[in-house]
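Below are the chains, spelled out letter by letter.
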Amino acid sequence: MGSVPFFLGALACALLLGFGYYLQYARGLEPCPLCLVQRGFFYATGGIFLIAALHSPWRVAYAILASLFAASGAATAARQVWLQHLPPDKVPQCGPDLFFMLENFPLGQALKKLVSGSGECAAVDWTFLGLSIAEWSLAWFVVLGCYALWLAVRAIRSRTSMFSGA
């Protein structure tokens, strides 16, 4: 199996991150804490895809690792989607921003607050085809995770067929 499928996974993550930065800097949408965590998982997933493209002996392990990062990103996005669908009176209060938390809270407490989200994470500032950014993020994490698992299965099958002489 060649490097191209793994480069495509890395390219998809890079394009998604690029669109996120476009929304932030060209459209003025500031990312909430959960959005920042999702960005981190897109970076991690894309980075693993890129490493797999360059380092072929471990492609199965890299593909599995990419699927785990994508699953973690999907869990984070699912949390934000859940917050966005809460009734207004059930939405948690807005908390301090990420930089304030990192400077003033112990790291464990800051990370806990970061991944649990706050009221600002429940806001829907942009939609496309009726889906919020978090919903699109969830969909893309699922696609990337399934793609990574498919690449792992494909790599395993190509190894077994190579050893069986087929």
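Only a predicted model underlies this, so the values are computations on that prediction, with no experimental measurement involved.

**Student:** What is the right way to look at the overall build of the protein in this model?
**Tutor:** Looking only at helices and strands, the protein features six helices and two strands. The buried share of the protein, reckoned over its 166 residues, is 39%. For the protein, restricting intrachain contacts to residue pairs at least 6 apart in sequence, the fraction spanning at least 24 positions comes to 79%. For the protein, the exposed surface amounts to about 9,500 Å²; the carbon and sulfur share of it is 69%.

**Student:** Looking at this model, I keep getting lost on the packing of aromatic side chains. Mind explaining?
**Tutor:** Within this structure, the stated rule accounts for eight aromatic pairs. A centroid spacing of 3.9 Å and a plane angle of 10 degrees characterise the contact between Phe-42 and Phe-141, whose relative ring orientation is stacked. A residue pair is termed long-range when its members are at least 10 positions apart, and Phe-42 in helix H2 (residues 33-54) and Phe-141 in helix H6 (residues 133-164) qualify at 99 residues. What makes Phe-141 buried here is its relative accessible area of 1%. Through a chain of ring-to-ring contacts, three or more aromatic side chains come together here, namely Phe-6, Phe-49, Tyr-147 and Trp-150. The ring of Tyr-21 has Arg-39 sitting right over it, with the charged end atom 4.2 Å from the ring centre.

**Student:** Looking at this structure, I do not really get the packing of helix H1 (residues 4-25) against H2. What am I missing?
**Tutor:** Each packed pair of helices is defined by two parameters, the angle between the axes and the distance between the axes. Close contact between H1 and H2 brings their axes to 7 Å; oriented N to C, the two are set at 150 degrees. Here H2 runs roughly antiparallel to H1, going by the angle between their axes. When the axes of H1 and H2 are compared, the crossing they make is left-handed. Contacts between H1 and H2 involve Phe-6, Phe-7, Gly-9, Ala-10, Cys-13, Leu-16, Leu-17, Gly-20, Tyr-21 and Gln-24 from the former and Arg-39, Phe-42, Tyr-43, Thr-45, Gly-46, Phe-49, Leu-50, Ala-52, Ala-53 and Leu-54 from the latter. Of the residues that constitute the contact of H1 with H2, the class distribution is 14 nonpolar, five polar and one charged.

**Student:** How should unusual backbone geometry be read in this particular structure?
**Tutor:** Backbone geometry follows two general trends: most residues other than glycine have a negative phi, and most peptide bonds adopt the trans configuration. Positive phi outside glycine occurs at Leu-129, with the angle close to 55 degrees. Residue placement: Leu-129 occurs in the loop between strand E1 (127-128) and strand E2 (131-132).

**Student:** Looking at this structure, I do not really get the side chain of Thr-45. What am I missing?
**Tutor:** Mapped onto the secondary structure, Thr-45 falls in helix H2. Apart from the residues lying within four places of it in its own chain, the contact partners of Thr-45 are Cys-13, Ala-66, Phe-69 and Ala-70.

**Student:** Looking at this structure, I do not really get the nonpolar core. What am I missing?
**Tutor:** Soluble globular proteins: nonpolar side chains tend toward being buried together. Phe-6, Phe-49, Phe-141 and Leu-144 are the most contacted members of the largest nonpolar core, which totals 23 residues. If you list the elements that add at least two residues to this core, you get H1, H2, helix H3 (59-84) and H6. Considering each element in turn, this core owes the most residues, seven residues, to H2.

**Student:** Looking at this structure, I do not really get the environment of Leu-29. What am I missing?
**Tutor:** For Leu-29, the position within the fold is in the loop between H1 and H2. Look past the residues within four positions of Leu-29 in its chain and what remains in contact with it is Leu-23, Gln-24, Asp-125, Trp-126 and Ile-133.

Rules used throughout
- Residues numbered from 1 in each chain as written.
- Predicted model: local features only at pLDDT ≥ 70, side-chain atom pairs only at ≥ 80, totals over all residues.
- Heavy atoms only, no water.
- Helix = DSSP H or I, 4+ residues; strand = E, 2+ residues; numbered from the N terminus.
- Buried < 20%, exposed > 50% of the residue type's maximum accessible area, 1.4 Å probe, protein only.
- Contact = heavy atoms within 4.5 Å.
- Areas by Shrake-Rupley, 256 points an atom, 1.4 Å probe, with all protein chains shown as cover.
- Phe/Tyr/Trp six-rings, centres within 6.5 Å; stacked < 30°, edge-to-face > 60°.
- Lys NZ or Arg CZ within 6 Å of the ring centre and 35° of its normal.
- Axes fitted to C-alpha atoms, helices over the stretch in contact; angles between N-to-C directions.
- Parallel < 35°, antiparallel > 145°, perpendicular 65-115°, else oblique.
- Left-handed = near helix turned anticlockwise from the far one by under 90°.
- Nonpolar A, V, L, I, M, F, W, Y, C, P; charged D, E, K, R; others polar.
- Core = buried A, V, L, I, M, F, W, Y, C linked by side-chain atoms within 4.5 Å.

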